[in-house]
Amino acid sequence: QVQLVESGGGLVQAGGSLRLSCAASGRTFSRYTMGWFRQAPGKEREFVAATTWTGGSTKYADSVKGRFTISRDNAKNTVYLQMNSLKPEDTAVYYCAATITIMIATTRENEYDYWGQGTQVTVSS
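Residues numbered from 1 in each chain as written. Predicted model: local features only at pLDDT ≥ 70, side-chain atom pairs only at ≥ 80, totals over all residues. Heavy atoms only, no water.

**Considerations on the pairing of strand S11 (residues 119-124)**
Here is the rule: Using a 1.4 Å probe on the protein chains alone, a residue whose accessible area is under 20% of its type maximum counts as buried, one over 50% counts as exposed, and one in between counts as partly exposed. By definition, any uninterrupted DSSP run of H or I lasting at least four residues is a helix, any uninterrupted run of E lasting at least two residues is a strand, and each is numbered from the N terminus. A pair of strands is considered paired only if DSSP assigns at least 2 bridges between the two.
Alternating residues of S11 divide into Thr-119, Val-121 and Val-123, all buried, and Gln-120, Thr-122 and Ser-124, none buried. Sheet topology places strand S2 (residues 10-13) next to S11; four bridges connect them, and they run parallel. Looking across to S11, one finds that Leu-11 is bridged to Thr-122. Bridge analysis of strand S9 (residues 92-99) against S11 gives three bridges, and the strand direction is antiparallel. Directly across from Val-93, in S11, lies its bridge partner Gln-120.

Below is the structure:
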């Protein structure tokens, strides 16, 4: 069983930065493809970013390209989401997710097997 615990959310002004962390259990973390998704009030959950187990391949939603960076530290079983130039429309609950069966940086929510509980990010204007 894999457990994912997100942290680092909070309230920030537009233009500010936050770094989210997702700590994972499991000895094979280094083999997981990891992703970040978000869900704003009244909207469906959407893809934000993903990285393969090496970190060598990443994907981003168009809405965050150039502002967000996903990275991972396999020695610490942790994946990060650095969020810069935040906008009010980035306000959402952010979830990390993991899959050991998909080897590419997939954007598809239904291809992830494990999910964290989410962390709230609120960007004020």
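**Structural notes on the side chain of Thr-78**
Inclusion rule: Polar contacts, as used here, are pairs of N or O atoms within 3.5 Å; protein pairs need one atom able to donate a hydrogen and one able to accept it. Residues neighboring in sequence count only if both atoms are side-chain atoms. The contact criterion used throughout is that any non-hydrogen atoms of two residues lie within 4.5 Å.
With respect to the element layout, Thr-78 can be found in strand S8 (residues 78-83). A distance of 2.8 Å separates a polar atom in the side chain of Thr-78 from the backbone oxygen of Lys-76. Discounting residues that sit within four places of it in the chain, Thr-78 has contacts with Ser-21, Cys-22, Ala-23, Phe-29, Arg-72 and Asp-73.

**Considering unusual backbone geometry**
Phi at Asn-77 is positive, roughly 55 degrees, even though this residue is not glycine. Note on placement: Asn-77 falls in the loop between strand S7 (68-73) and S8. Of note, Ser-85 is a non-glycine position whose phi angle comes to about 50 degrees, a positive value. According to the relative accessible area criterion, Ser-85 is partly exposed, its value standing at 42%.

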